[in-house]
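Residue-level structural notes
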Amino acid sequence: MEKTKFILDEKQMPTQWYNIQPDLPVPLPPYLHPGTKQPLGPADLAPLFAMELIKQEVSQERYIDIPEEVQEVYKLWRPTNLFRAHRLEKFLDTPAKIYYKYEGTSPPGSHKPNTAIPQAYYNKKEGIKRMTTETGAGQWGSSLAFACNLFGLELKVYMVKVSYNQKPYRRIMMETWGAKCVASPSKDTKSGRDALAADPNCPGSLGLAISEAVEDCVTSKNTHYSLGSVLNHVLMHQTVIGQEAMKQMEMAGDYPDILIGCVGGGSNFAGMFLPFAKDKLSGKKKNLRIINVEPESCPTLTKGLYAYDLGDVAGMAPIAKMFTLGHGFMPPPVHAGGLRYHGMSPLISHLHKLGFVEAVAVPQLATFEAGITFARTEGIISAPETCHAIRATIDEALKCKATGEKKVILFNHSGHGHFDMAAYEQYLTGKLQDYAYPEDLVKKALKDLPEVPAEYR
Ligand SMILES: *Cc1c(COP(=O)(O)O)cnc(C)c1O
């Protein structure tokens, strides 16, 4: 019998994060200040982030030590298991070998605490008392609530209003861990009040919730802001996933031909693929394919522009060069809330522009179909976001079936879907729909890209 799971001992947990920046063939474009449009310095970011995180954001050191206090918390659920999906392979009747790394065993149920924990730790260490953040479906808010509670920090979460109303359980998780959560747009900030004045029924968006959280941060004492994806330091914290997966694939005696992951801001998948991408960039594994999967309704990498854009609606956050659908874009209400951001991490955008990673967009119904197949073969009920990765994995495995190729596929399983059963019910009762690519809305949103000096265009 071939093995099903590959288990690492606590002692084999990575003790350093991998920073890909020194290994990039071309350096990342700088962030720009939303006011001056000039490159940001550490002093510009200091009102928002802990100094250690600002250093990590632009660090050229290949490996950065994970503080012992952070490792101790990681050990509550890390190392996570890597599985071979024997039953899924059999069901698909594919010669491909399918592996997945399962990040759903953290207390909040996803990969997100991998960065929430160090962010809370560094802020606490630098004397911060309170944090603010935004959350879409609530996975990030609940992860940061879990982390802030462990390090004794207060937390206020601005939760996109549609999700706040649709997904009360994630809010209750945040409250259980001691955080305060309000629906965004809220009356607590000027950005929120402006949005409500323009449209009292505004359903909210991640970009708007970011504006509220940043505004709250810069107008409050001893308060910092935290972002759960997109930024370089966030992606770097997630590289514990890929470093573990590399060891586990070695135990399995395989090296992946294809890596697959779902991307919202890009953190879970980058966390898996960056350590492997090192091999691709160095030429050791030239043929490795890295496939980013996004929703057809929010197709940032496949349909967006590579340009400098605002990270949020109000223009309070830094301007970043990234694939974007325009900061004013409000995506259709698909259930994969974690994938509904208008931009993509600058690091993944850069690698995509350079041709090192690929992207596909998949429709909502097909992702739930894949999620049901996965639940009925491998048992795990997956987050709607993760179902995007499963869809693309099944599609690649079926291509192998057609060609007879025995490819090795590894996908990152970013989290369980236990708080998304209402979405599964809608699918199972035929009430779920696909949303076409909202071309007109994107065209409109892309007209509002900020002007930047010629040398940065
Ligand atoms: C937040 C989330 C995502 C999307 O965020 P990334 O930063 O792209 O990883 C994907 N899956 C799950 C389960 C999430 O909670």
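Residues numbered from 1 in each chain as written. Predicted model: local features only at pLDDT ≥ 70, side-chain atom pairs only at ≥ 80, totals over all residues. Heavy atoms only, no water.

To continue, consider the overall build of the chain. Helix and strand content of the chain: 19 helices and 15 strands. A compact globule built from 457 residues would reach a C-alpha radius of gyration of about 23 Å, and the chain, at 20 Å, matches this within 12%. Principal-axis analysis of the C-alpha atoms gives the chain an extent of 60 × 50 × 50 Å. Buried positions account for 62% of the 457 residues belonging to the chain. In the chain, of all internal contacts separated by at least 6 residues, the share reaching a separation of at least 24 is 78%. Per element, the accessible surface of the chain, about 17700 Å² overall, is 52% carbon and sulfur. Within the chain, one finds 50 positive and 49 negative side-chain charges whose respective centroids are separated by 2 Å. (Helix = DSSP H or I, 4+ residues; strand = E, 2+ residues; numbered from the N terminus. Rg over C-alpha atoms; globule rule 2.2 N^0.38 Å. Buried < 20%, exposed > 50% of the residue type's maximum accessible area, 1.4 Å probe, protein only. Contact = heavy atoms within 4.5 Å. Areas by Shrake-Rupley, 256 points an atom, 1.4 Å probe, with all protein chains shown as cover. Lys, Arg positive; Asp, Glu negative; His and termini not counted. Charge placed at Lys NZ, Arg CZ, Asp CG, Glu CD.)

Right, let's talk about the pattern of salt bridges for a bit. Taken as a whole and assessed by the stated rule, the structure comprises 22 salt bridges. Here arginine 84 and glutamate 2 are joined by a salt bridge, their closest N and O atoms 3.5 Å apart. Linking arginine 84 in strand β4 (residues 82-84) with glutamate 2 in the segment before β1 (5-6), this pair joins segments that are 82 residues apart in sequence. Among the residues examined, arginine 84 registers a relative accessible area of 7% and is labelled buried. Owing to a relative accessible area of 49%, glutamate 2 belongs among the partly exposed residues under this scheme. In this structure, the salt-bridge partner of arginine 457 is glutamate 451, at a minimum N-O distance of 3.8 Å. (Salt bridge = Lys/Arg side-chain N within 4 Å of Asp/Glu carboxyl O.)

In this section: the side chain of glutamate 103. Structurally, glutamate 103 is set in the loop between β5 (97-102) and α5 (113-125). With near-sequence residues (within four places) excluded, glutamate 103 lies in contact with Arg78, Thr80, Gly109, Ser110, His111, Asn114, Ile241, Asn412, His413 and Ser414.

Around the ligand, the structure places 19 residues, and the nearest of them are Lys112, Ser229, Gly264, Asn268 and Ser414. In this structure, glycine 266 approaches the ligand through a main-chain N or O atom, which is 2.8 Å from an oxygen atom. Note that an oxygen atom of the ligand is positioned 2.7 Å from one of the side-chain N or O atoms of serine 267. Here the ligand, which alone exposes 390 Å², has 98% of that area covered by the protein. (Near = heavy atom within 4 Å. Polar contact = N/O pair within 3.5 Å; in protein donor to acceptor, adjacent residues only side chain to side chain.)

As a further point, take empty space enclosed by the protein. Tallied over the full model, the rule gives eight cavities of 30 Å³ or more. For the largest cavity, the calculated volume is near 410 Å³. Forming the walls of the largest cavity are 35 residues, and the residues nearest its centre are Lys112, Trp140, Ser229, Gly265 and Gly338. Looking at the lining of the largest cavity, the elements with two or more residues in it are β6 (130-135), α6 (139-151), α10 (206-218), α13 (267-281) and α17 (384-403). For the lining of the largest cavity, the residue count by class is eleven nonpolar, 20 polar and four charged. What the second largest cavity holds in volume is close to 150 Å³. Leu227, Leu231, Gly311, Ala317 and Pro318 are the residues nearest the centre of the second largest cavity, which is lined by 15 residues in total. Among the secondary structure elements, those contributing two or more residues to the lining of the second largest cavity are α10 and β13 (319-324). (1 Å grid on protein atoms, 1.4 Å probe; cavity = no way out; pocket = protein on both sides within 12 Å on 5 of 7 lines; lining within 4 Å. Points joined across faces, edges and corners; volume = space filled by probe spheres on them. Nonpolar A, V, L, I, M, F, W, Y, C, P; charged D, E, K, R; others polar.)

Attention now goes to the packing of α6 against helix α8 (residues 168-176). Two quantities define a packed helix pair, namely the angle between the helix axes and the distance between the axes. One way to put it is that α6 packs onto α8 with a least axis distance of 8 Å and a crossing angle of 15°. Here α6 is positioned roughly parallel relative to α8, judged by the angle of their axes. When you trace α6 past α8, the crossing you get is left-handed. Facing Gln139, Gly141, Ser142 and Ala145 of α6, the residues of α8 in contact are Arg170, Met173 and Met174. (Axes fitted to C-alpha atoms, helices over the stretch in contact; angles between N-to-C directions. Parallel < 35°, antiparallel > 145°, perpendicular 65-115°, else oblique. Left-handed = near helix turned anticlockwise from the far one by under 90°.)

Taking 1.5 Å as the rise per residue, α10 with 13 residues should run 18 Å; its terminal C-alpha atoms sit 18 Å apart, in good agreement. For α10, the buried fraction is high: twelve of the 13 residues fall into the buried class. Within α10, burial applies to Leu206, Gly207, Leu208, Ala209, Ile210, Ser211, Glu212, Ala213, Val214, Glu215, Asp216 and Cys217. Each element contacted by the buried residues of α10 is listed here: β6, β7 (154-160), β8 (180-184), α9 (190-198) and β9 (223-225). (Expected span 1.5 Å × (residues − 1).)

Quick look at the sheet that holds strand β14 (residues 358-362) now. Taken in spatial order, the seven strands of this open sheet run β1-β4-β5-β15-β10-β11-β14, and their pairing is mixed. For this open sheet the edge positions go to β1 and β14, each flanked by a neighbour on one side alone. The pairing of β5 with strand β15 (residues 408-413) spans six bridges and is parallel. Note that in β15 the partner of tyrosine 99 across the bridge is leucine 410. (Pairing = 2+ DSSP bridges.)

Moving on to the packing of aromatic side chains. According to the stated counting rule, one finds 18 aromatic pairs in the structure shown. Taking the centre distance of 6.0 Å and the plane angle of 55° together, the rings of phenylalanine 49 and tyrosine 225 count as tilted. Highlighted residues: phenylalanine 49 in the loop between α1 (42-45) and α2 (51-58) and tyrosine 225 in strand β9, separated in sequence by 176 residues. Here phenylalanine 49 matches tyrosine 225 in class, with each residue buried. Each residue in the set Tyr74, Trp77, Phe146 and Trp177 is aromatic and connected to the rest through ring pairs, giving one cluster. A cation sits over an aromatic face here: arginine 84 above tyrosine 99, 5.6 Å from the ring centre. Between lysine 303 and the ring centre of tyrosine 437, over which it is positioned, the NZ or CZ distance is 4.3 Å. (Phe/Tyr/Trp six-rings, centres within 6.5 Å; stacked < 30°, edge-to-face > 60°. Lys NZ or Arg CZ within 6 Å of the ring centre and 35° of its normal.)

Another point: the nonpolar core. One recurring pattern in soluble globular proteins is that nonpolar side chains are buried together. If you look at the biggest cluster of nonpolar residues, it comprises 35 residues, and the most contacted ones within it are Trp17, Val70, Tyr74, Ile117, Leu155 and Met174. Contributing elements (two or more residues each) for this core: α3 (68-74), α5, α6, β7 and α8. For this core, the element with the highest residue contribution is α6, accounting for seven residues. If we skip the residues at most four places from it in the chain, tyrosine 74 touches Met13, Trp17, Ile66, Pro113, Asn114, Ile117, Pro118, His237 and Val240. Counting residues in each nonpolar core, the second largest holds 34 residues, with Tyr18, Phe269, Phe273 and Ile290 among its members. (Core = buried A, V, L, I, M, F, W, Y, C linked by side-chain atoms within 4.5 Å.)

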